[in-house]
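Structural overview
What follows is the residue order along each chain.
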Amino acid sequence: MFVGERMIGYTCTKCSKFYKMWSNYLKHKCEPPQFKCTLCPFAAFKAFILQAHQAEQHNFKVPTSSSS
Ligand SMILES: [Zn+2]
Ligand SMILES: [Zn+2]
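The name that an unreviewed UniProt entry assigns to the protein is C2H2-type domain-containing protein, with the source organism given as Trichogramma kaykai.

Focus: the overall build of the protein
For the protein, the count of helices and strands is two helices and four strands. In the protein, the succession of helices and strands from N to C terminus is β-β-α-β-β-α. Counting all 68 residues of the protein, 3% fall into the buried class.

Considering unusual backbone geometry
A positive phi angle is found at S16, which is not glycine, with a value near 65 degrees. One non-glycine residue with positive phi stands out, namely N59, at about 55 degrees.

With respect to the environment of Q57
Positionally, Q57 belongs in helix α2 (residues 47–57). Of the residues examined, Q57 has 12 C-beta atoms within 10 Å and is grouped as exposed. Distance from Q57 to C40, taken between C-alpha atoms, is 9.5 Å for residues 17 residues apart in sequence.

A look at the environment of F60
Mapping F60 onto the fold places it in the segment after α2. The residues touching F60, leaving out its near neighbours within four places in the chain, are Q54 and A55.

Let's talk about the environment of F35
Among the structural elements, F35 can be located in strand β3 (residues 35–36). Residues F35 and Q51, 16 residues apart in the sequence, show an inter-C-alpha distance of 9.3 Å. If we ignore the near neighbours within four places in the chain, the residues touching F35 are A43, A44, K46, A47 and L50.

Analysis parameters
Residues numbered from 1 in each chain as written. Chains lettered and ligands numbered in written order. Predicted model: local features only at pLDDT ≥ 70, side-chain atom pairs only at ≥ 80, totals over all residues. Helix = DSSP H or I, 4+ residues; strand = E, 2+ residues; numbered from the N terminus. Buried ≥ 20, exposed ≤ 12 C-beta atoms within 10 Å, placed from the backbone. Contact = placed C-beta atoms within 7 Å.

What follows is the structure in structure tokens.
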């Protein structure tokens, strides 16, 4: 993302939050990533991002159904 006159909002590069108002963007507090990789320090804000990371970096198979 880049800030230009055509931008309709601002997306935080740290927490991916989107704001239309620059002032709100400045005021917001970044939330820590909720989905942490168990194999490396990687952390993601979305589950599918973590799953994609693990699939790529750790050759994880994404489970279709969870059964302990
Ligand atoms: Zn943020
Ligand atoms: Zn990882």
